[in-house]
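Residue-level structural notes
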Amino acid sequence: WGNITAGIELISRREQTQVHGLVSPLLTTAAGTKFGKSEAGNIWLDPAKTSPYKFYQFWLNTDDRDVERLLKIFTFRSMEEIAATMAQHAAHPQTRDAQRILAIDVTQRVHGEAILGGVLQASDILFGTADIRAADVMALETVANEVRVVPIPRTEIETGYPVVDALVAAGLASSKADARRSIQGNGYRINGEKLTAERSLGTFDLLANRFIVLQKGKKHFAMVDVD
C-alpha cells in the first residue's frame, strides 16, 4: 500500500496530473495459504528458478476447490467453456481434466508450445504411461532436469559399461550386490524395458544418441548422460 500511494504522489508531483492505484484482493488457496507459495518455495515464471516440468506439475496439482476460480483468472477460456469443463470434472473428478486443461493452458502461454510438448512427454515417462524409446530429445532433457543424472564418457559406453555400476552411481542400488539382487527380482527397467539379467550398457541403449533411462520400481528414475 505504501508503494502504491508513494507512486501516486511521485507521479502527481512530476507530471502534475491525477493518477489512481489499482489493487485486487490477495489471491489465496482453499487451504488458506498465499497462492504460488509453498513449503518448497515460490513458483516462478523464470525456468531457471522453476523448471517448466515443475511449473506444469504445480498447476496439475491444483486443489479441486480452487481449479474453477484459477481457470477464470489465469486462462482466456470463455465462461461457457469453463462451465463445460467443470461439469465434466464434477462427473469424473478422478481424471483431473480441469487441472490438466489449466496446467496445459498456462504452461503453453508461459513457456511455449515446444517446451510444453517436452513437458507432457516427460510427465508421461515419469508416470509410466509413455514409450520411452519414442520420446524426443526435448522430453529426455526435461526428464534429465528432474532426476539424478550420471555422466559417463562415451568411450566407456562404447566398450560396455556394467549396468550394476550405473545403478549404484545413480542411487538406485546401495551396492553392486543390492543391484544384482534387484535384477534377479526384475526390479529394474532400462529405457522402459525390464532388465532380466546383469549386462553392460552399450551404444545400442542410447536414446537420442545421448541418454539412457534407468528405473527402479514405478517411481524411481535416474538417467545416464553420455558425453
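A brief report on the enclosed structure follows. All residue numbers here refer to positions counted from 1 along the written sequence of the relevant chain. Reporting in this predicted model follows two pLDDT cut-offs: at least 70 for local features of residues, and 80 or more for side-chain atom pairs to be given and counted; totals over whole chains, interfaces and linings ignore these cut-offs and use all residues. As a rule here, side-chain values cover all heavy atoms of the structure and leave hydrogens and water aside.

A closer look at the pattern of salt bridges
Selection rule: By salt bridge we mean one thing: a side-chain nitrogen of Lys or Arg within 4 Å of a carboxyl oxygen of Asp or Glu. In DSSP terms, a helix is any run of H or I states spanning at least four residues, a strand is any run of E spanning at least two, and both are numbered starting from the N terminus. Working definition: with a 1.4 Å probe on protein chains only, accessible area under 20% of the residue-type maximum means buried, over 50% means exposed, and in between means partly exposed.
Per the counting criterion, the structure on display carries 16 salt bridges. Of the charged contacts, one joins Asp165 and Lys176 as a salt bridge, the two residues approaching to 3.2 Å between their closest N and O atoms. Pair noted here: Asp165 is in helix α9 (residues 163-169) and Lys176 is in helix α10 (residues 176-184), with a separation of eleven residues, a long-range link. Asp205 is the salt-bridge partner of Arg199, the closest N and O atoms lying 2.9 Å from each other. Overall, Asp205 belongs to the buried group, its relative accessible area being 2%. By sharing partners, the salt bridges in this structure join Arg77, Asp105 and Arg109 into a single network.

Digging into the packing of helix α6 (residues 113-126) against helix α7 (residues 137-144)
Heads up, the rule is: Lines are fitted to the C-alpha atoms to define the axes, a helix being fitted only along its stretch in contact, and any angle between axes, read from their N-to-C directions, falls within 0 to 180 degrees. The crossing is said to be left-handed when, going from far helix to near helix, the turn is anticlockwise and less than a right angle, and right-handed when the turn is clockwise. Two residues form a contact once any of their heavy atoms are found within 4.5 Å. Three classes are used, and their members are as follows: Ala, Val, Leu, Ile, Met, Phe, Trp, Tyr, Cys and Pro are nonpolar, Asp, Glu, Lys and Arg are charged, and the others, Gly among them, are polar.
Running from N to C, α6 and α7 cross one another at 65°; their axes reach a closest spacing of 8 Å. Helix-helix and strand crossings are classified by hand; for α6 and α7 the assignment is right-handed. The segment α6 lies against α7, with Ala114, Ile115, Gly118, Val119, Gln121, Ala122, Ile125 and Leu126 engaging Met138, Ala139, Thr142 and Val143. For the contact of α6 with α7, the per-class residue count stands at nine nonpolar, three polar and no charged.

Brief notes about the sheet that holds strand β5 (residues 188-190)
In a beta sheet, neighbouring strands are held together by backbone hydrogen bonds and run either parallel or antiparallel to one another. Threshold: At least two bridges found by DSSP between two strands is the condition for calling them paired.
Read from one edge of the open sheet, five strands run β3-β9-β8-β5-β6, paired in mixed fashion. The open sheet has two edge strands with one neighbour each: β3 (148-152) and β6 (193-194). Inspection of the sheet shows β5 paired to β6 by two bridges, in the antiparallel sense. Bridging across to β6, Arg189 finds its partner in Lys194.

Some thoughts on α6
Test applied: Working rule for helices: expected span equals 1.5 Å times residues minus one.
Its 14 residues give α6 an end-to-end C-alpha distance of 20 Å, which sits within 8% of 20 Å, the value for a rise of 1.5 Å per residue. Along α6, the positions that sit buried rather than exposed are Leu116, Gly118, Val119, Ala122, Ser123, Ile125 and Leu126. Considering only its buried residues, α6 is in contact with α2 (52-60), α5 (97-111), α7 and β9 (220-226). Phi turns positive one or two residues past the end of α6, at Gly128, with a value near 75°.

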